[in-house]
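Structural features, examined
Chain by chain, the residues run as shown.
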Amino acid sequence: MNLGEQILSDLVAALKDLYPNIEVENTKNKLSTVLSEYYIQRVELS
């Protein structure tokens, strides 16, 4: 799984915890569209 897929998965899981009745696939698709416009780099926090 690449970084984009990982953050997408993490965000969808967090939203699912907050809003159990969300449509997971629809939410994932919308977030994927938004995130595709960004370059994401992971930073290690101490």
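Everything that follows concerns the structure shown earlier in this document.
What counts and what doesn't
Residues numbered from 1 in each chain as written. Predicted model: local features only at pLDDT ≥ 70, side-chain atom pairs only at ≥ 80, totals over all residues. Heavy atoms only, no water. Helix = DSSP H or I, 4+ residues; strand = E, 2+ residues; numbered from the N terminus. Buried < 20%, exposed > 50% of the residue type's maximum accessible area, 1.4 Å probe, protein only. Areas by Shrake-Rupley, 256 points an atom, 1.4 Å probe, with all protein chains shown as cover. Salt bridge = Lys/Arg side-chain N within 4 Å of Asp/Glu carboxyl O. Contact = heavy atoms within 4.5 Å. Axes fitted to C-alpha atoms, helices over the stretch in contact; angles between N-to-C directions. Parallel < 35°, antiparallel > 145°, perpendicular 65-115°, else oblique. Left-handed = near helix turned anticlockwise from the far one by under 90°. Nonpolar A, V, L, I, M, F, W, Y, C, P; charged D, E, K, R; others polar.

Secondary structure assignment for the protein yields two helices and zero strands. Its C-alpha atoms give the protein principal-axis dimensions of roughly 35 × 25 × 15 Å. A total of 46 residues make up the protein; the buried ones form 7% of that total. A total accessible area of about 4,200 Å² is found for the protein, and carbon and sulfur atoms account for 53% of it.

Throughout the structure, instances matching the rule amount to one salt bridge. Taking the shortest distance from any N to any O, the salt bridge between Glu 44 and Arg 42 comes out at 3.3 Å. The same class applies to Glu 44 and to Arg 42, which are both exposed.

With that settled, consider the environment of Ile 40. Within the secondary structure layout, Ile 40 lies in the segment after helix H2 (24–35). Put simply, Ile 40 and Gly 4 are 36 residues apart on the chain and 7.2 Å apart in space, counted from C-alpha to C-alpha. Setting aside residues up to four positions removed in sequence, Ile 40 forms contacts with Leu 3, Ile 7 and Leu 35.

Another aspect to go through is the environment of Gln 6. As for its placement among the helices and strands, Gln 6 is situated in helix H1 (residues 3–18). Spatially, the C-alpha atoms of Gln 6 and Arg 42 are 11 Å apart, while their sequence positions differ by 36 residues.

In the contact formed by H1 and H2, the axes pass within 10 Å of each other and the chain directions differ by 135°. Relative to H2, H1 is oriented oblique. Every pair of crossing elements has a handedness; the one defined by H1 and H2 is right-handed. Contact residues: H1 offers Ile 7, Leu 8, Leu 11, Val 12, Leu 15 and Lys 16, while H2 offers Val 24, Thr 27, Lys 28, Leu 31, Ser 32 and Leu 35. In the contact of H1 with H2, the residues fall into eight nonpolar, two polar and two charged.

This is a description of form; function is not addressed.
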